[in-house]
Amino acid sequence: MIEFQNVSKWFGALQVLRDVNATVAKGTTTVLCGPSGSGKSTLIRTVNRLEPIQKGQITLAGRDIYAKDVDVNVLRSGIGFVFQQFNLFPHLSVVENVMLPLLRIRERSRAQARPVAMQMLERVGLADKANSLPADISGGQSQRVAIARSLILKPEVLVLDEPTSALDPEMVGEVLKLLRELSADGITMMCVTHEMGFAREVADRIWFLRNGTLTFDAEPAQFFSDEAHQDVRNFLSAVRKNH
Ligand SMILES: Nc1ncnc2c1ncn2[C@@H]1O[C@H](COP(=O)(O)OP(=O)(O)OP(=O)(O)O)[C@@H](O)[C@H]1O
Ligand SMILES: [Mg+2]
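Calculation rules
- Residues numbered from 1 in each chain as written.
- Chains lettered and ligands numbered in written order.
- Predicted model: local features only at pLDDT ≥ 70, side-chain atom pairs only at ≥ 80, totals over all residues.
- Heavy atoms only, no water.
- Helix = DSSP H or I, 4+ residues; strand = E, 2+ residues; numbered from the N terminus.
- Rg over C-alpha atoms; globule rule 2.2 N^0.38 Å.
- Buried < 20%, exposed > 50% of the residue type's maximum accessible area, 1.4 Å probe, protein only.
- Contact = heavy atoms within 4.5 Å.
- Areas by Shrake-Rupley, 256 points an atom, 1.4 Å probe, with all protein chains shown as cover.
- Lys, Arg positive; Asp, Glu negative; His and termini not counted.
- Charge placed at Lys NZ, Arg CZ, Asp CG, Glu CD.
- Axes fitted to C-alpha atoms, helices over the stretch in contact; angles between N-to-C directions.
- Parallel < 35°, antiparallel > 145°, perpendicular 65-115°, else oblique.
- Left-handed = near helix turned anticlockwise from the far one by under 90°.
- Pairing = 2+ DSSP bridges.
- Nonpolar A, V, L, I, M, F, W, Y, C, P; charged D, E, K, R; others polar.
- Core = buried A, V, L, I, M, F, W, Y, C linked by side-chain atoms within 4.5 Å.
- Near = heavy atom within 4 Å.
- Polar contact = N/O pair within 3.5 Å; in protein donor to acceptor, adjacent residues only side chain to side chain.

(A) Structural detail: the overall build of the protein chain. Counting its regular elements, the protein chain contains 9 helices and 10 strands. Taking 2.2 N^0.38 as the reference for a compact globule, 243 residues should give roughly 18 Å; the C-alpha atoms of the protein chain span a radius of gyration of 18 Å, in line with that estimate. In terms of its C-alpha atoms, the protein chain occupies a principal-axis envelope of roughly 55 × 45 × 30 Å. Put simply, the protein chain has 243 residues, and 51% of those count as buried. Long-range contacts, defined as pairs at least 24 residues apart, comprise 66% of the intrachain contacts of the protein chain with a sequence gap of at least 6. For the protein chain, the computed accessible surface area is about 11,400 Å², with 48% contributed by carbon and sulfur atoms. Considering the protein chain, the positive charge centre built from 28 side chains and the negative charge centre built from 27 side chains are found 4 Å apart.

(B) The arrangement of the packing of helix H5 (residues 139-151) against helix H6 (residues 169-184) in detail. The N-to-C vectors of H5 and H6 enclose an angle of 25°; their axes lie 8 Å apart at closest approach. Taken together, the axes of H5 and H6 are roughly parallel relative to one another. The handedness of the crossing between H5 and H6 comes out as right-handed. For the pair formed by H5 and H6, the contact residues are Gly139, Gly140, Gln141, Gln143, Arg144, Ile147 and Leu151 on the first element and Met171, Glu174, Val175, Leu178, Leu179 and Leu182 on the second.

(C) Summary view of the sheet that holds strand S7 (residues 157-161). With respect to topology, 6 strands assemble into an open sheet ordered S6-S7-S8-S3-S9-S10, the strand pairing being mixed. Each of the sheet's edge strands pairs with one partner strand only, and the pair in question is strand S6 (79-82) and strand S10 (213-218). Between one strand axis and the next, the sheet turns by 15° as a mean value, whatever way the strands run. As defined by bridge partners, strand S9 (residues 205-210) adjoins S10 across 5 bridges and the pair is classed as antiparallel. Looking at the pairing, isoleucine 206 lines up with alanine 218 of S10. Across the sheet, helix H9 (residues 230-242) lies against strand S3 (29-33), S9 and S10, angled at about 95° from S9, the strand it touches most.

(D) Region of interest: the side chain of serine 77. Note on placement: serine 77 falls in helix H2 (residues 72-77). Setting aside chain neighbours within four positions, we find serine 77 in contact with Ile105, Arg106, Leu153 and Pro155.

(E) Expanded view of the packing of helix H3 (residues 94-104) against H5. Interaxial distance between H3 and H5 falls to 7 Å at its minimum, and their mutual angle equals 25°. Of the possible angle classes, the one that applies to H3 and H5 is roughly parallel. With respect to the hand of their crossing, H3 and H5 are arranged in right-handed fashion. Two secondary-structure elements touch here, H3 through Val94, Asn97, Val98 and Pro101 and H5 through Val145, Ala148 and Arg149. Within the contact of H3 with H5, the residues separate by chemical class into 5 nonpolar, 1 polar and 1 charged.

(F) Spotlight on the sheet that holds strand S5 (residues 63-64). Taken in spatial order, the 4 strands make up an open sheet running S2-S1-S4-S5, and their pairing is antiparallel. The open sheet has two edge strands with one neighbour each: strand S2 (14-24) and S5.

(G) Examining the nonpolar core more closely. Counting 54 residues, the largest nonpolar core has Ile147, Leu179, Met196 and Phe223 as its most contacted members. Residue contributions to this core peak at 7 residues, all from H6. Residues in contact with methionine 196, not counting those within four places in the same chain, are Cys33, Phe223, Phe224, Phe235, Leu236 and Val239.

(H) Representation of the site of ligand 1 in the model. In the neighbourhood of ligand 1, the contacting residues comprise Phe11, Leu14, Val16, Pro35, Ser36, Gly37, Ser38, Gly39, Lys40, Ser41, Thr42 and Glu162. Threonine 42 places a polar side-chain atom, nitrogen or oxygen, 2.5 Å from an oxygen atom of ligand 1. When the free accessible area of ligand 1 is taken as 640 Å², the share hidden by the protein chains comes to 58%. Listed by contribution, the elements that provide at least two residues to the shell around ligand 1 are S2 and helix H1 (40-46).

Any link to function would need more than the numbers given here.
Here you go:
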């Protein structure tokens, strides 16, 4: 579904991605982890051209995302993005937040969009909060609304950047449960997270980035085994200590 070939990126003189070569297969879940500043956010943001690359190629469903005939708005509407901060519009109700991409990008009427958004809210277990304002729901619920919004255009890929790291601990579980269900439904997902239990259980592949280099790309069994790079093992023991 997504292929990175020799992807390199610089911010000015600072190289932040170094010849990344990797593939995300359709219907799989890929977890990205690695130390702070290793380039995880930058890498996932290259997929919808939020971050331009200076070298290499990225293909989505076989198409070069930088091909001349690619409309960046169409590209972006095919990739659902979820951020650490849920980025809901505070003055819009929950259902209006979820409807918004249908109104703005698909130019649907409110009457058309509302039932679709309600269906999506049911999917994430929040139909009863449809008319609440974001300020009146919990962080975990807000993130589930953000996920519903990111899925409303039926994207080919769902990309999440630390979706649970801004949440109070007791709310992490409900968001991970939803992601587990979406993964089981066969959505193609790339998720930056340090939730290693989730990674072990749900990921098909785990990517480890250090200093812009993809140093390890493995199945969970291998990632969590003693055969993993020393680098990965050091990282895992640091993450465990933090938890
Ligand atoms: N807009 C920018 N301008 C300049 N440098 C940037 C910019 N965004 C990120 N960087 C740098 O690029 C490198 C990779 O950053 P990135 O945010 O991708 O790391 P990360 O792995 O997501 O880190 P974290 O775990 O802290 O979120 C870092 O050195 C960062 O300082
Ligand atoms: Mg980041």
